[in-house]
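Here's the letter readout for the chains.
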Amino acid sequence: MIQAFGLTSNPRKELPPAADDVSFEARAGRVTALLGAPGAGKTTVLRLMLELQQGRGITYFRGRPLHRIPHPAREVGVLLGDVPGHPARTVRGHLRMLCAAAGVPVRRADEVLETVGLASLRDERLGALSRGMDRRLGMACVLLADPHTLVLDAPAQGLSGRESNWLHGMLRAHAAQGGTVLFTTADPKEAARAADHVVTLEQGRLVADQEAAEFSRTRLRPRVAVRSPHAARLAALLAQQARTSQRSVEVVHEGGNRLSVYGSTCADIGETAFHHGVVVHQLADEVGDMGPGAGAAREGAPDGCRDLERDGARQTAVERHQADKAGATEPHPDAGSAVAAPLADTAEPRPTIGSSPLIEQHPTADAPEPAGDAHGTTTDAPEQAAAAPDPASESPEPVSHASAPPSAEPVPSAGPVRPAAPPHERPGVRAVGRPCDAAGTPQSAPAAPPHQPEPHKAPSTLQNHPAHRAHKPRTLDALPPLPPPISVRPAPSPLRPLRYEIRRAAGVGTGSLTGAVVLLVSAVTAVVLARIGHTPQPRLLAAWPQDLPLPPAAIGAGLLGALAFGDEFRHPALAADRGTVPRRLGLLAAKLLVASVTAVVLAVLTLGCDAEVLYLVYGPELARIPADWLAQSASWVGLVVGCAWAGVLAAGVFRSTTAGLAAVAAVPVLVVPVVHKVLAGPSVPTAAGLPMRLREALLPRWPFGGERYLEAALAVISQPVGGALALSLTALLCAYLLTTLRSRFR
């Protein structure tokens, strides 16, 4: 179960917040749709719920906020957009990597692949998947840890009808097993078809919170789609027949030869066309959308009216009645729904074309609207022009009366229904609710009939929350408390960090390709240096010219280290469920260990490859092993491993592979000259004889000649490159720990 209270994003420059005091509830065992046009704030609401964006409010997932859940991936499955995976990784490899991060057995990857129908594409690259297959992989990632709640942002966008049906079937199956499903969509037909409950947003505010059946009845309208080469004539005939029979029929000219007829049937339209000899090419029943501008705030309406309409989506008629006690004469408690009930089925008629004489318009603001049928569409009826004036006729906007026939059973109201167009386009239609005077004060409504059904009530949980109290005039003395702030927190560390890092590094061919390039460049460089001559034997085996700051092996190790964290920010597989890329010591230790092993393997392979190439080209003279091979080997391994660590730490601090590689290159170019200048000073004492003094200071003797290893390590550090590298690693490690602690404190 999801309970969202007071979700409000931070205000933008001269613009209202993308999400403003949004509160709703998604129950377990049901599919809830968050409906809204593009830019209505749906994605912002999801990001606030998942603590991916700073703002205010709080969201409970089965009674706990997300940052209080130990393993969020096992509680909430999230899909925001495409799958954030490396395009060169295979489908199975990506899921196995996520298995290590979520701490689930690796066989779970094959199980979800069978569930979503991707078993035959398990070896396909992520970059080669189609839109539908990518959505199936996204569902596999969401279901990998078997979460209770699914949160998806526009999952069916861009999919074919077949793929959309499959996706909604998966969501329905998850809800049938007791799970909670929340998805966003901009298509009202999709929301009515696939969801059990529909929450409608507009311009960042909640405008409706309804059951799917109620939403379909009040927000979606049945219509008849007509195509005829004589569309104008047919529209005039239908409007004339509606006036003659005193029926509420609305004809909308869609452009060209297309018409949309509301309040009629295919049989009636077909008979009219047949009797008048009008050729019809298409005649089909359809479900219309909400129309352009549906639910929009009425232009020019007082603020009090707009506030009542906005709060009506979350309050019952009784709550509105209690909120208006201070400023109006109190009618019967059910009077607030007396006007809304007969109009509940109107569901915002689509805007008519004012320039066409064939489409019926409402002539003046003073003339009341004619009676409507059960479908709630309206047309002119001269017989009712002299009807009794409405009590709210002094309102800035005219009131449309659509009273049903006496035999018709009134239908319950689902809350305020907003016009489909601004008032200047539809002068005879206003939003359903209490009329407002010029000052925006709600007026009393006429009493409801004795058999008037009770309107749909909002969930009790939302009614009791402070963010959903009845609408009352707010003053500076009684402002409501602000909801708690939302902080963006890092994602949790992988439960199996070492296994995750091994699968991440081995899942793509970047490491193998980088190693092959390093070996090739090193071999060519060694042959060229031997050809030129005057190169010491250690530098010849390492393929390290005097003019280059680093050998190819060290640069390659630094690049692989930078990719270890750079890929996390470029393809944030760990941050897909919540927060940013984690800064945890466990993940850092795993990355440093894997980078160290990779660097050592690369260093050994480089020496062996260079020696073999020199032996084949020039003979054994240039491939001999130096006398001080132990110290040289320690220096070589330390240099390569240090470059790899520098790449890992720099990429983790600066969040970029390029920054990590730049930090590796900056060590010999910028730091080494500074260290060399400091160590070359005449007043700087040397550390000569340190092993002998340590042997004298420590009573027990070094086992197995340990002083030799210590002397070799000190010799490496005492070199300018080694000292600069050690200094750089220390600085980067401190910076990484500082950013980690800072993120935890925030």
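It should be emphasised that the depicted structure is a prediction, and the values quoted were computed from it without experimental measurement.

**Observations regarding the overall build of the protein chain**
Next up, step 1: Secondary structure assignment for the protein chain yields 24 helices and 14 strands.
Next up, step 2: Within the protein chain, buried positions represent 48% of all 746 residues.
Next up, step 3: Split by element, the accessible area of the protein chain, about 34,800 Å² in all, is 59% carbon and sulfur.

**Some thoughts on the sheet that holds strand 2 (residues 22–26)**
Next up, step 1: Judged by pairing direction, the sheet is antiparallel, and its 4 strands sit side by side in the order 2-1-4-14 without closing on themselves. Two strands close off the open sheet at either side, each with one partner strand: strand 2 and strand 14 (485–486).
Next up, step 2: Of the strand pairs in this sheet, strand 1 (residues 2–9) and strand 4 (residues 55–61) are connected by 6 bridges, and their pairing is antiparallel. Looking at the pairing, Ala-4 lines up with Thr-59 of strand 4.
Next up, step 3: In the packing of helix 1 (residues 42–49) onto the sheet, contacts are made with strand 1, strand 2, strand 4 and strand 14, and the angle to strand 1 comes to roughly 110 degrees.

**Regarding the environment of Ala-26**
Next up, step 1: Looking at where Ala-26 falls in the secondary structure, it is placed in strand 2.
Next up, step 2: A sequence separation of 173 residues divides Ala-26 from Val-199, and the C-alpha atoms of the two residues are 9.3 Å apart.

**A closer look at the nonpolar core**
Next up, step 1: Counting residues in hydrophobic clusters, the biggest one holds 86 residues, and the most contacted among them are Leu-137, Met-139, Phe-183 and Phe-565.
Next up, step 2: The element contributing the most residues to this core is helix 20 (residues 629–654), with 12 residues.
Next up, step 3: Ignoring sequence-local partners within four residues, the contact set of Leu-137 consists of Val-83, Val-91, Leu-95, Leu-118, Leu-126 and Leu-129.
Next up, step 4: Counting 26 residues, the second largest nonpolar core, distinct from the first, contains Ala-40, Leu-50, Val-151 and Leu-182.

**Digging into the sheet that holds strand 3 (residues 31–35)**
Next up, step 1: As summarised here, the arrangement of the 6 strands in space is 5-6-7-3-8-9, forming an open sheet in which the pairing is mixed. With one partner strand each, in any of the chains shown, strand 5 (76–80) and strand 9 (205–211) form the two edges of the open sheet. Neighbour to neighbour, the strand axes of the sheet diverge by 15 degrees on average, direction disregarded.
Next up, step 2: Against the sheet, helix 1 contacts strand 3, strand 5, strand 6 (149–153), strand 7 (180–185) and strand 8 (197–202), and its axis sits at roughly 145 degrees relative to strand 7.
Next up, step 3: Together, strand 5 and strand 6 form the strand contacts of helix 5 (residues 131–143), whose direction differs from that of strand 5 by roughly 155 degrees.

**Here's the deal with a nonpolar patch on the surface**
Next up, step 1: On the surface, a nonpolar cluster with roughly 510 Å² of combined accessible area is contributed by Leu-498, Ile-502, Leu-593, Val-597, Val-601 and Leu-605.
Next up, step 2: Among the elements of the structure, helix 15 (497–506) and helix 19 (585–618) are those that each provide at least two residues to the nonpolar patch.
Next up, step 3: With 4 residues, helix 19 is the single largest residue contributor to the nonpolar patch.
Next up, step 4: Relative to the helices and strands, Leu-593 resides in helix 19.
Next up, step 5: Overall, the relative accessible area of 45% leaves Leu-593 in the partly exposed class.

**Here's the deal with the confidence of the model for the protein chain**
Next up, step 1: Here the protein chain averages 74 in pLDDT, while 65% of its residues score no lower than 70.
Next up, step 2: Note on residues 290–479: pLDDT under 50 across the span, and 327 contacts to partners over four residues away in sequence or across chains.

**Some details on the packing of helix 16 (residues 510–532) against helix 19**
Next up, step 1: Taken N-terminus to C-terminus, the directions of helix 16 and helix 19 make an angle of 40 degrees; their axes are 9 Å apart at the nearest point. Here helix 16 is positioned oblique relative to helix 19, judged by the angle of their axes. Here the hand of the crossing between helix 16 and helix 19 comes out right-handed. Of the residues in helix 19, those touching helix 16 at Gly-515, Val-518, Leu-519, Ser-522, Ala-523, Ala-526, Val-527, Ala-530 and Arg-531 are Leu-602, Leu-605, Thr-606, Cys-609, Asp-610, Val-613, Leu-614 and Tyr-618.
Next up, step 2: Across the contact of helix 16 with helix 19, the residue classes tally to 12 nonpolar, 3 polar and 2 charged.

**Here we look at unusual backbone geometry**
Next up, step 1: In this model, Asp-146 sits at a positive phi of 55 degrees, which is unusual for a non-glycine residue.
Next up, step 2: On the basis of relative accessible area, Asp-146 is assigned to the exposed category, the value being 57%.
Next up, step 3: At Gln-246, a position not held by glycine, the phi torsion is positive, near 55 degrees.

**Observations regarding the pairing of strand 12 (residues 258–262)**
Next up, step 1: Most of strand 12 is tucked away, with 4 of its 5 residues classed as buried.
Next up, step 2: Relative to strand 12, strand 10 (residues 221–227) is paired through 4 bridges, and the arrangement is antiparallel. Residue pairing across strands places Val-224 opposite Val-261, the latter belonging to strand 12.
Next up, step 3: Hairpin connection from strand 11 (residues 250–255) to strand 12: 2 residues lie between these consecutive antiparallel strands, with Gly-256 at a positive phi of about 70 degrees.

**Describing the pattern of salt bridges**
Next up, step 1: In total, this model carries 19 salt bridges according to the counting rule given.
Next up, step 2: Glu-163 is paired through a salt bridge with Arg-136; the nearest N and O atoms lie 3.2 Å apart. One end of the pair, Glu-163, is in helix 6 (residues 161–176); the other, Arg-136, is in helix 5, and 27 residues separate them in sequence. Each member of the pair, Glu-163 as well as Arg-136, is classed as buried.
Next up, step 3: The closest approach of N and O atoms between Glu-501 and Arg-504, which form a salt bridge, is 2.8 Å. Here Arg-504 and Glu-501 lie together in helix 15, a separation of 3 residues that amounts to about one turn.

**Focus on the side chain of Arg-504**
Next up, step 1: For Arg-504, a relative accessible area of 7% translates into the label buried.
Next up, step 2: Polar contacts involving the side chain of Arg-504 include one to the side chain of Glu-501, which spans 2.8 Å.
Next up, step 3: Setting aside chain neighbours within four positions, we find Arg-504 in contact with Arg-89, Met-97, Leu-563, Ala-564, Asp-567, Glu-568 and Lys-591.

**Observations regarding the packing of aromatic side chains**
Next up, step 1: Applying the stated rule across the entire model yields 3 aromatic pairs.
Next up, step 2: Each ring, one from Phe-5 and one from Tyr-60, has its centre 6.2 Å from the other, and the planes form 65 degrees; the classification is edge-to-face. Pair noted here: Phe-5 is in strand 1 and Tyr-60 is in strand 4, with a separation of 55 residues, a long-range link.
Next up, step 3: Owing to a relative accessible area of 6%, Phe-5 belongs among the buried residues under this scheme.
Next up, step 4: Aromatic side chains Phe-565 and Tyr-736 sit 5.9 Å apart centroid to centroid with 45 degrees between the ring planes, which places their arrangement in the tilted category. Of this pair, Phe-565 sits in helix 18 (residues 552–570) while Tyr-736 sits in helix 24 (residues 720–745), placing them 171 residues apart in sequence. For the pair shown, Phe-565 and Tyr-736 are each scored as buried.
Next up, step 5: Following the ring pairs from residue to residue traces out a cluster consisting of Phe-565, Phe-569 and Tyr-736.

**Some remarks on helix 3 (residues 91–102)**
One full turn of an α-helix is made of 3.6 residues, so residues set three or four places apart face in the same direction.
Next up, step 1: For helix 3, with 12 residues, the first-to-last C-alpha span of 17 Å sits near the 16 Å given by 1.5 Å per residue.
Next up, step 2: Of all 12 residues in helix 3, 9 are buried, a share of seventy percent or more.
Next up, step 3: Considered for burial, the residues of helix 3 that qualify are Val-91, His-94, Leu-95, Met-97, Leu-98, Cys-99, Ala-100, Ala-101 and Ala-102.
Next up, step 4: Where helix 3 is buried, its residues contact helix 2 (72–75), helix 4 (107–116), helix 5 and helix 15.
Next up, step 5: Directly beyond the C-terminal end of helix 3, a positive phi value near 75 degrees is found at Gly-103.

**Description of helix 9 (residues 231–245)**
Next up, step 1: Taking 1.5 Å per residue, 15 residues should reach 21 Å; helix 9 reaches 21 Å between its end C-alpha atoms and fits that length.
Next up, step 2: Along helix 9, the positions that sit buried rather than exposed are Ala-231, Leu-234, Ala-235, Leu-237, Leu-238, Ala-239 and Ala-242.
Next up, step 3: Those residues of helix 9 that are buried lie in contact with strand 10, strand 11, strand 12 and helix 10 (266–275).
Next up, step 4: Just downstream of helix 9, Gln-246 is the residue with a positive phi angle, here 55 degrees.

About the thresholds
Residues numbered from 1 in each chain as written. Predicted model: local features only at pLDDT ≥ 70, side-chain atom pairs only at ≥ 80, totals over all residues. Heavy atoms only, no water. Helix = DSSP H or I, 4+ residues; strand = E, 2+ residues; numbered from the N terminus. Buried < 20%, exposed > 50% of the residue type's maximum accessible area, 1.4 Å probe, protein only. Areas by Shrake-Rupley, 256 points an atom, 1.4 Å probe, with all protein chains shown as cover. Pairing = 2+ DSSP bridges. Contact = heavy atoms within 4.5 Å. Axes fitted to C-alpha atoms, helices over the stretch in contact; angles between N-to-C directions. Core = buried A, V, L, I, M, F, W, Y, C linked by side-chain atoms within 4.5 Å. Patch = residues over 30% accessible without salt bridge, like charges linked within 9 Å, V, L, I, M, F, W, Y side chains within 5 Å. Salt bridge = Lys/Arg side-chain N within 4 Å of Asp/Glu carboxyl O. pLDDT = per-residue confidence, 0-100. Parallel < 35°, antiparallel > 145°, perpendicular 65-115°, else oblique. Left-handed = near helix turned anticlockwise from the far one by under 90°. Nonpolar A, V, L, I, M, F, W, Y, C, P; charged D, E, K, R; others polar. Polar contact = N/O pair within 3.5 Å; in protein donor to acceptor, adjacent residues only side chain to side chain. Phe/Tyr/Trp six-rings, centres within 6.5 Å; stacked < 30°, edge-to-face > 60°. Expected span 1.5 Å × (residues − 1).

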